[in-house]
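Summary of the model geometry
Now for the letters of each chain:
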Amino acid sequence: MLTLESLPRVQRAIADAGLDGWLLYDFHGANPIATGVLVLEGMVTRRIFVLIPSEGKGAPVAISHAIEQGPWRAWPATWRRSSYSSWRTLERTLGELVKGKRVAMEYSPGDAIPYLDRVPAGVLELVRACGAEVVTSSELVTRFYAVWTATQLASHHRAAEAIADIAREALEYAGERARTSEPVEEHVLRARILERFQRAGLESEHPPIVAVGANAANPHYEPTAERPRAIGVNEILLLDLWARETGGVFADQTWMASVGAPSARAISVWETIRDARDAAIALLRERVGRGIAVRGGEVDDAARSVVTARGFGDQFTHRTGHSIDPRSLHGAGPHIDNLETRDERVLIPGVGFSIEPGVYLPGEIGMRTEVNGFIGERELVITPREYQSELLLV
């Protein structure tokens, strides 16, 4: 959030990047990064621009519509603000503000990182026509939008431990019911998990994934009462759960269990994804512990090389992990990804993410193991504290 207190750090980072400023743009919430940095309160339905100049080049300047001045009442009096009614005034004011400047915007060349590509092509054309050079704001977004506070990390820890307990209990319950005349169905177990979330004071933006057998080969499977599927003996069960405290940071985990003795095939797939996850963690621990830069794409490569070496490379069809920022489960910070996107951003202290390699064999079996990582100062934090090392037998 941009405040009088945070402004000097932001401006210093802009200067260090060789920029004249960071130009924030939004229209109707299309750029959640801009709205997250500015935190305006009230109705904002027209285009806004805010230029945060680099160190030594003055105070921030906002351009907003004449009929929407209320949301700016907390804008510091020492920061400039201009208003417009007509497009002519807007374009003239913007031109006076950015002409001849090198500015960062939420734009990703070639759409390499869609989570950053928030500014429409037409707006980029407008800014460039005003005489500005536009570059990506990716590193600024990582530093000033995606990092967690100590309070947020503590909240994440609490959510992670609660989710782990709920997952283990749900798997045990499914195993017990599988040996009765009334095995629990996927959608019923999902409802039980949601009830446990509520009891633990957690909220989730979407229900968890509960998938048994071949259903788990669909990474985004959704159980329903219209297509009930009982969880029986001698089957593999996947639980993918994510939740947070109100106002906190999400924790996101996937747990795997075998109801009864697993097949040799199941053990092979499980050991593949577990070892891939651990290879990613090992690379992170080694680099972070030595203070050496590590990029999200490199961590993806480390996990993917294990899966490929075991013969399942073509069945690992998604990135190894996604950013978890203070606001979103799938955030705007660095992703553990060199498959779906080319994420070359450095994993700096304060950022969080998932690590979740998976193997999916349609019509047969699907498995994923997921933990969360947080980059501390020369330290990698993995949550939950006790994560899965063996395929659970229930």
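Refer to the structure above for everything that follows.
Anyway, here's the lowdown on the structure attached to this text. Bear in mind that the values here come from a model prediction, so they are computed numbers and not experimental data.

1. Description of the overall build of the protein chain
Each helix and strand in the protein chain was counted, giving nine helices and 17 strands. For 394 residues, the compact-globule estimate of 2.2 N^0.38 gives 21 Å, and the C-alpha radius of gyration of the protein chain, at 24 Å, lies within 12% of that figure. On the principal axes, the C-alpha backbone points of the protein chain span a range of 75 × 40 × 35 Å. Burial statistics for the protein chain: of 394 residues in total, 56% are counted as buried. Residue pairs at least 24 apart in sequence account for 68% of intrachain contacts in the protein chain once pairs closer than 6 positions are excluded. Working note: accessible area of the protein chain is about 16700 Å², and carbon and sulfur atoms make up 50% of it. Taking the 43 positively charged and 52 negatively charged side chains of the protein chain as two groups, their mean positions are separated by 5 Å.

2. A short note on the layout of surface pockets
A volume near 470 Å³ is recorded for the largest pocket. As for the largest pocket, its lining consists of 24 residues, of which P219, H220, D240, H330 and E356 are closest to the centre. Along the lines of polarity and charge, the residues of the lining of the largest pocket split into eight nonpolar, six polar and ten charged.

3. Considering the pattern of salt bridges
Pairing is possible between side chains that carry opposite charge, provided their charged atoms lie close to one another. Applying the stated criterion across every chain yields a total of 23 salt bridges. Note that E169 and R196 form a salt bridge whose closest N and O atoms lie 3.9 Å from each other. Here E169 is found in helix α6 (residues 150–178), whereas its partner R196 is found in helix α7 (residues 186–199), with 27 residues between them in sequence. Residue E169 is classed as partly exposed on the basis of its relative accessible area, which comes to 29%. Close ionic contact of D278 with R277 constitutes a salt bridge, the shortest N to O distance being 3.0 Å.

4. Brief notes about the pairing of strand β1 (residues 21–26)
A regular strand places its side chains on the two faces of the sheet in alternate fashion. Counting buried positions along β1 gives six out of six residues, so the element sits mostly inside the fold. Side chains G21, L23 and Y25 of β1 all project onto a buried face; the interleaved residues W22, L24 and D26 project onto the opposite face, where all are buried too. Looking at chain direction, β1 and strand β5 (residues 102–105) are connected through two bridges and run parallel. From the neighbouring strand, G21 faces β5, where its bridge partner is V103. Pairing of β1 with strand β2 (residues 48–53) involves six bridges; the strand directions are antiparallel. Within β2, the residue paired with G21 across the bridge is P53.

Calculation notes
Residues numbered from 1 in each chain as written. Predicted model: local features only at pLDDT ≥ 70, side-chain atom pairs only at ≥ 80, totals over all residues. Heavy atoms only, no water. Helix = DSSP H or I, 4+ residues; strand = E, 2+ residues; numbered from the N terminus. Rg over C-alpha atoms; globule rule 2.2 N^0.38 Å. Buried < 20%, exposed > 50% of the residue type's maximum accessible area, 1.4 Å probe, protein only. Contact = heavy atoms within 4.5 Å. Areas by Shrake-Rupley, 256 points an atom, 1.4 Å probe, with all protein chains shown as cover. Lys, Arg positive; Asp, Glu negative; His and termini not counted. Charge placed at Lys NZ, Arg CZ, Asp CG, Glu CD. 1 Å grid on protein atoms, 1.4 Å probe; cavity = no way out; pocket = protein on both sides within 12 Å on 5 of 7 lines; lining within 4 Å. Points joined across faces, edges and corners; volume = space filled by probe spheres on them. Nonpolar A, V, L, I, M, F, W, Y, C, P; charged D, E, K, R; others polar. Salt bridge = Lys/Arg side-chain N within 4 Å of Asp/Glu carboxyl O. Pairing = 2+ DSSP bridges.

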